[in-house]
Every structure is written in structure tokens, then in C-alpha cells.
Amino acid sequence: MASSTFWRRDLPLLIIVGSAIPTLLWRYISHPIIDAIFAEVGNWSSIISMLGWGIAVIYLFQGEYANMKQKPDDVPTRAGFYALCAFSALLAFNSVTTGPDKMYSDAYQWWYAAFYRSESTAFYGLMFLYLCSASYRMLRARSLESFVLMAAGLLYIMRSSSMFALWFPWCVPVGEWIMNYPNKAATTAAIISATFGQVLIAVRQMLGRERTAIEVG
Amino acid sequence: MGEQRSIWYKLGNIDYRIIYLLVALMTAWPLWSPVGTPMTVGENVKQYAEHIRDMEPGTVVLCGFSGYMTMLPDIEPIYLATWKMLFEKDVKIMVRVTDVDGPVVIRQEFEKIKPEENFGKVYGVDYMIFPYVLMPTATEIAFTDNIRTVYPVDYYGTPLDDLPIMEGIESMHDVDWYFTSGADWGNQRYTIPYGVKLLCWGTGTGLLPFVPPFYDPVSGPCYGYVGGASQGGELELESGFFGAGVKYNDCKNLAILGLFAFVLLGNVSYFGEKYLGGS
Amino acid sequence: MADAIFAGIQVAMVLAVWSYLYKENIFSKVASSIVISISTVHFFLVYVQRTIDSAVIPLLNGRISYIIPLTLGLLMYTRLTKKWAWLSSYAYSLQIGLGTGSTLTTVVASSITGRIAMLINEPFKGATMFDKLSGTFLFIGAILSMTYWLFTREATGIYGYGVKIGRLFLMASIGMLYAEDVLWSQSLFVGAWEMIIDNFIKAVILGIPVG
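Everything numeric here is computed off the predicted structure, so don't read it as measured data. (Residues numbered from 1 in each chain as written. Chains lettered and ligands numbered in written order. Predicted model: local features only at pLDDT ≥ 70, side-chain atom pairs only at ≥ 80, totals over all residues.)

Trainee: What am I meant to see in the overall build of chain C here?
Mentor: In terms of helices and strands, chain C carries six helices and zero strands. Reading chain C from its N terminus to its C terminus gives the helix and strand order α-α-α-α-α-α. For 211 residues, the compact-globule estimate of 2.2 N^0.38 gives 17 Å, and the C-alpha radius of gyration of chain C, at 27 Å, exceeds that figure by more than 25%. Taken over the C-alpha atoms alone, chain C extends approximately 70 × 60 × 40 Å along its principal axes. Evaluated residue by residue, chain C yields a buried proportion of 49% over its 211 residues. Considering only contacts in chain C between residues 6 or more positions apart, those separated by 24 or more positions represent 21%. (Helix = DSSP H or I, 4+ residues; strand = E, 2+ residues; numbered from the N terminus. Rg over C-alpha atoms; globule rule 2.2 N^0.38 Å. Buried ≥ 20, exposed ≤ 12 C-beta atoms within 10 Å, placed from the backbone. Contact = placed C-beta atoms within 7 Å.)

Structural data, given as C-alpha cells:
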């Protein structure tokens, strides 16, 4: 039991502390050995992250397959799953046949731009319509706070629209003033407050008090 | 028995499909038939351009290029105008690809700029591109301390030591300016430990609201910023390198006009219902 | 011809996505599956390639230390089993430790002390009286905005007014954020229209050169 606790709880904590220390030392002490350790560990970090991405792919297929099983009669869901499999296979085939170091070949780029650029741009572009509809319903001066939100938002949109900047030249300096003063005040406050929280969590992690991030299973 | 609704209520509850249709048409129309609305250049865009113009010959510039394909319509005008301005000068340009899409997009971007043909620049001498590497915090810090530990070769697989541009460039200590998409992050990684000056470029939504706390055109850490296609168009105007930013200007103007009309209608409805009554 | 097929595919994909505005249908579902497949499988392929280049080949060439990150990376896949999932925590711990060390160093200087120093300077650095007043306004606004995140005291009395005024600054900032979202999504919407009108209707169907 004690041994199990060591492997499951104490060793991960030791790894956290052990890997945080070179980072702290690297910042404050310039020494070739520390630099070398840090460079090595830096590369490790990248390799681990890249390898871990496969989990996302597995979860994706698992999730989509489960979704299809839940709705066996839903044609769009079924078609979506088959399209996912077919296109993934096509991408893999394309990257393998054009050579592992030719993933950025013209053929691959062609596929990528034809499908991905158009679809992802169209998806996010839809947000504009949703936001227009939301603006119509939400941007109303119901209270002082909602008025300030509306006024700041609209003035900044005016500053960014050349037609308004021409009709109402004052909106350019006013929009920039809102950006550089009230907005700056609030974002500075948010950054300082959030960083205090970040530091607190970092300290708790090093002390073994913040275990949520590494608690698995 | 249908309930009688007041005019104010109806004004405030227009079917969303009508809004979609009208706004979509107002966006699309100028692409079909350009209107040619005039443009003005904001102060931050002028300062950003001024810093590029003031760069001395031999200045070392590192560009963090996310190249996220989805966001290209919002950010491409900034990339292209900035690079063209940089290529006009005698500065050393290194491009770091920071997103998985980047390696695909970067080639397309440089094919549009044609540095060799249009600016007489030579790859490896005047500019170079790093390959994509996933950069968690530790890798990022390792890169700043010793570029070659993370990137032994360039985008095309050439060892960095074989590129004349990389002579004397070992770490971020040797870089003068960094174009980054996040002032906060750039400040932590580059300005605090190495004193590198930041110029920020990015999407409007990802950059603009968060950059002011770090922005000071005289003392930095962020000396200038340009975010989003609207300001990208302003940069095109300021630099004289016209592109999609200026082209999008008409569409953006007309659609915004539609948006404002609907917001106005919403408020008229709200106040009408509140003060003039309605069932 | 290749350009016409390219533009045709782009238009078909854009229209498939936009058909979702009517309701979810087979075209929009297939389009979303393709986007998901590219954005995950492409990433995966890139990472596999990069792992081979930057870890496996150096390991085979004698860089033994790379066996550690490769093992840790593979341990992450133990998440897929219930019994051995805890082994993946070793990989997370290393990443968290490195992030923690970084947080405790530059982040403090960058985002706390650096920003506080900036705030203190703001009222004095402007060239004109208006700039100085604006700087003072900023300083006060930032202090009041920070009170919004103090949850240890009830917002009553003078302090309560401070929180309310601070909230107005936050609202102005959220309004700007909203405005930026509108402008950003608008750029993408125009970009999608450009594929339909410029690249397809004008260039392919009508043969009009598009600049």
C-alpha cells in the first residue's frame, strides 16, 4: 500500500519539483551545466507533447463511433463518421505516399487548402451572423453597465470602420482612447489578478497541494 | 386566439433569418461591385510602421508566424504588408512557424511575396525559415537560450551553420525585434530575460484587447501593434503594399452599417416599449 | 482546370457548411467531419513525423537520453486503460513542473511587478494635461477593477461603490472584446464570400481576372 502511494502520489510530485528547479535555476544562475540540462529537458518536453497527440485522435474516433452507435438511424451522423474515416485515411495515404518529409508537398497543400481553409473559414465566418443577431438582441441600454458595454463596443467598431471614421472623424481618437485607457485599466487588472492566481497554483503544485492536474485514473 | 403585439415588440423581435440574410447580402455585395469607401490610418498602425521604417541595416528580426489557416482572412494582410516592408529594408529576417498549419501556409505566403524576384533577397542570406516544432514552455525557453538546440536545421533541412544569415546568431540575445502574436507571452519569454523589443501582430480578437497593458511606443515592451484585417488594411495603406485588407474594406463597412441599423432598431424597440407602452 | 476544380471544391465546402443555417443535414455533418479530421489527423501526422525526426532518429544515432521522453510520451497512452492510467501522470508531472518553474520566474516580473510599475507611471508620463488625466483615470480604473476579484470581503459601503465603478471599466473592456469578435468573424465571413464570388463566380464561371 505504502509502495503504491509512493509510485502514484509521491513520485509525480517529486518529478514536478525536480523539473521546476532547473527552470528556476536557469533563470537566476548562468552555468553551462544548468543550461545544458535545460536545453535537454526543453527538447524532452516537446517530444512528450507531440507523442501525446495520438490520444486526441483515439478519443476522437472513439467518441464519433459511440455517437454513431447511439443514433443508428441518423443518416447525417453515420455519413459524418464515414467521412471522418475516409478523409483521415486519405490524409494519411497522401502524407505516406508523398514521403514523410514531403508532407508540405504541393499535392498535400492542395488538399489542405481546398478543404480545410474553405470549411474552417466558413465555419468561423458563420459566427459573424450569429454575432449580428446577438448584437441586435443583446446590445440594448437596459442598465448603466450594459450601456457602457454597448457604447465601448460600438465606438470601437466605428473606429475600425473607415466609413464611420470618415463620417465621424472623432470616433477614431475616441475608439483608441477607450482601447488605451478604460480597456487597458481593466485588462491590466485582470492580468495582475490572474497572475497572482497562477503563482498561487504554481506554489501549491510544488508543495503537493494542487493535485488535480496530475490526478489520473 | 392570437395575442396582439405592439409595434415596439415587433421591432425588437425580428426573425433572425432576416438579419442573417440582410447582413450576408450587405457583406457580399461590395465583392461583386466594389464601392471604394475611403480609409484612414489609426495612430497605433502608424507607430508600428514607423518602427519598421526606422530599423537600421543589419537589424535582426525574428517573426513568430502562427499561420493558422482558418484565421488567414483576418491576419494575412498584416503578414504580407509587414514582410514586404521588412524586405524593402536591409534587415535579417528569421521566421519561426508556431502552429501546425504554419509549415503549409508559410510557403504559400512567400510565394505571394516572391522575395527573390520582387526584392532581390536571397534565402539563407537575407531571410530564413525555421521548421515547425511544438513548443511547450520548456522548449520555448531552451530555444531562446540556444536556438540551435531546438532547431539544428532550417525548414528545408539545411543545417543552420550552413546559412550565412545565422552567422553570429546564437540566442535571443542576438535578436533585436520580435514580431509576436501575444504581448504578455512575448514579454515573459523575450523582453524580461533578453531585452528583445516586441512588435505585435495578430488577429483582432486574439491580440487587440490584451495588448494595451504592454504597449508603449517609446519604452515598450510592446512598441507597436496591428491586429485584424481592418488594421491590416490600414497597414497596407500606410505602407503602399495594397492587398486583401484594402479589398475587404468595402465589405466590412457595409456589413457594419447593417449591424448598426439592427442595434439601433433593438434599442428603439426597447425604449419604445418601456416609455411608450406596449402589450 | 486544376484552379477551377480547386475553386469548385472550396465553394462546395463553404455552401455545405452554411447549409447548417437551415438545419443540420448530411452536407454540414460531412463538412464538419472533414474539418475535424484534418485538424486532428493532420496534427497527428505532423507530430509523428517530427517525433521521428527529432527523437527516434537521434536515439538510433546514439542519443540515449531521448529514451526518457519517448517512454514518458508513450506512458500517456496508459490513460486508455483503467488499471494503468496513473502511469500517465509522470508525463504530466514533468510538463507541469517545467511550467511551474517558468511561472515562478518570468511571469511575476512580466505580469505583476512590470504591470504595477507601468500603472504607477501612467499618471506622469503623458505629454499633455489630457494624457496625464487619462493616465490617472487608468490608474484608478485598474485599482477599482481589481477589487472585482476580491472575494474575501462583502461589497458594501464605499468599497461597494468601488466595485461597481470597477465593473464599469470591465464592461468597457468586454465591449471591446465583443467588438473585436465581431470584426474578426466578419473578416472570415468576407473571406468565405471571396471564395464564392471572386474565386469561383468571377474567376471560373465568368472568366473575369480578379486582383
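From this point, things continue past the structure.
Trainee: Where do I start with the overall build of chain B in this structure?
Mentor: Of the regular secondary structure elements, chain B holds 12 helices and six strands. Counting only C-alpha atoms and orienting by the principal axes, one finds that chain B spans roughly 80 × 40 × 35 Å. Within the span of chain B, comprising 279 residues, buried residues form 56% of the whole. Within chain B, residue pairs in contact and separated by at least 24 positions form 72% of the contacts whose partners lie at least 6 positions apart.

Trainee: How should I be thinking about the interface of chain A and chain C in this particular structure?
Mentor: Reports of interface size often rely on the accessible area that becomes lost once the parts have come together. Contact residues are listed per partner, giving 96 residues for chain A and 104 residues for chain C. Breaking the side of chain A that touches chain C down by element, the ones donating at least two residues are α1 (2-28), α2 (32-70), α3 (75-97), α4 (106-138), α5 (144-160), α7 (171-180) and α8 (182-206) of chain A. For the side of chain A that touches chain C, the per-class residue count stands at 65 nonpolar, 25 polar and six charged. (Nonpolar A, V, L, I, M, F, W, Y, C, P; charged D, E, K, R; others polar.)

Trainee: I would appreciate a short explanation of the packing of α2 of chain A against helix α4 (residues 89-125) of chain C in the present structure.
Mentor: The relative placement of two packed helices comes down to the angle between their axes together with the axis-to-axis distance. As a packed pair, α2 of chain A and α4 of chain C sit with axes 10 Å apart at the nearest point and diverge in direction by 130°. Classified by the angle between their axes, α2 of chain A and α4 of chain C sit oblique to one another. Remark: the crossing between α2 of chain A and α4 of chain C carries left-handed chirality. On the side of α2 of chain A, the interface is formed by Val41, Ser45, Ile48 and Gly52 of chain A, while α4 of chain C contributes Ala91, Leu94, Gln95 and Leu98 of chain C. When its residues are assigned to classes, the contact of α2 of chain A with α4 of chain C shows five nonpolar, three polar and no charged. (Axes fitted to C-alpha atoms, helices over the stretch in contact; angles between N-to-C directions. Parallel < 35°, antiparallel > 145°, perpendicular 65-115°, else oblique. Left-handed = near helix turned anticlockwise from the far one by under 90°.)

Trainee: Would you mind showing me how to read the interface of chain B and chain C here?
Mentor: At the interface, 34 residues of chain B touch 34 residues of chain C. Elements that contribute at least two residues to the side of chain B that touches chain C include exactly α2 (16-32), α4 (72-87), α7 (137-145), α9 (183-194), α10 (204-207), α11 (228-239) and α12 (244-275) of chain B. Among the elements that line the side of chain B that touches chain C, the one with the most residues is α9 of chain B, at six residues. Classifying every residue of the side of chain B that touches chain C gives 21 nonpolar, nine polar and four charged.

Trainee: What is the right way to read helix α1 (residues 2-18) of chain C from this model?
Mentor: A rise of 1.5 Å per residue sets the reference length of α1 of chain C, with its 17 residues, at 24 Å; its end C-alpha atoms lie 24 Å apart and thus fit the reference within 8%. Of all the residues in α1 of chain C, the buried ones are Ala7, Gln10, Val11, Met13, Val14, Ala16, Val17 and Trp18 of chain C. Close packing links the buried residues of α1 of chain C with α4 of chain A together with α2 (26-60) and α6 (157-205) of chain C. (Expected span 1.5 Å × (residues − 1).)

Trainee: Teacher, can you tell me more about the environment of Gly141 of chain C here?
Mentor: With respect to the helices and strands, the residue Gly141 of chain C is situated in helix α5 (residues 129-147). Those residues in contact with Gly141 of chain C that sit more than four places away from it in its chain are Pro182, Ala185 and Ala186 of chain A together with Phe169 of chain C.

Trainee: Got a minute to help me understand the sheet that holds strand β1 (residues 60-65) of chain B in this structure?
Mentor: Picture the strands of a sheet paired through backbone hydrogen bonds; they go either parallel or antiparallel. All names here are of chain B. What the six strands build is an open sheet, ordered β3-β2-β1-β4-β5-β6; its pairing is parallel. At either margin of the open sheet sits one strand with a lone partner, and together these are β3 (127-129) and β6 (222-227). Neighbouring strand axes in the sheet, compared pairwise and without regard to direction, differ in orientation by 15° on average. The sheet contact formed by β1 and strand β4 (residues 177-180) spans three bridges and is parallel. Bridged to Leu62 within β4 is Tyr178. Packing of α4 onto the sheet brings it into contact with β1, β2 (92-97), β4, β5 (197-202) and β6, and relative to β5 it is tilted by some 140°. In this fold helix α5 (residues 102-113) packs onto β1, β2 and β3, with an angle of close to 145° to the strand it touches most, β2. (Pairing = 2+ DSSP bridges.)

Trainee: Can you help me understand the domain arrangement of chain C in this one?
Mentor: Residue and element names in this part refer to chain C. By the assigned domains, chain C splits into domain 1 (1-62) and domain 2 (126-211). If you average the C-alpha positions of domain 1 and of domain 2, the two centres end up 31 Å apart. Of the residues lining the interface, six residues belong to domain 1; the matching set on domain 2 comes to seven residues. The residue inventory of the side of domain 1 that touches domain 2, partitioned by class, reads four nonpolar, two polar and no charged. (Domains from an automatic or database assignment.)

Trainee: Would you mind going over unusual backbone geometry with me for this structure?
Mentor: Peptide bonds are, in most cases, trans, and in most cases residues other than glycine have a negative phi. For the peptide bond that leads from Gly220 of chain B to Pro221 of chain B, omega is 5°, which places it in the cis range. With respect to the secondary-structure elements, Pro221 of chain B resides in the loop between α10 and β6.

Trainee: Would you mind going over the domain arrangement of chain B with me for this structure?
Mentor: Assigned domains within chain B: domain 1 (7-33 + 249-275) and domain 2 (47-242). For domain 1 of chain B versus domain 2 of chain B, the separation of C-alpha centres amounts to 39 Å.

Trainee: Can you walk me through the environment of Glu234 of chain B in this structure?
Mentor: Residues and elements named next belong to chain B. Following the sequence through the fold, Glu234 ends up in helix α11. For Glu234, a count of 30 C-beta atoms within 10 Å corresponds to the buried category. Sequence separation of Glu234 and Trp29 is 205 residues, and the distance between their C-alpha atoms is 22 Å.

Trainee: Would you take a moment to explain the pairing of β6 of chain B for this structure?
Mentor: Along a regular strand, successive side chains alternate from one face of the sheet to the other. Residue and element names in this part refer to chain B. Along β6, six of the six residues are buried, which leaves the element largely enclosed by surrounding structure. Looking at chain direction, β5 and β6 are connected through five bridges and run parallel. When the bridges of β6 are listed, Trp201 appears paired with Val226.

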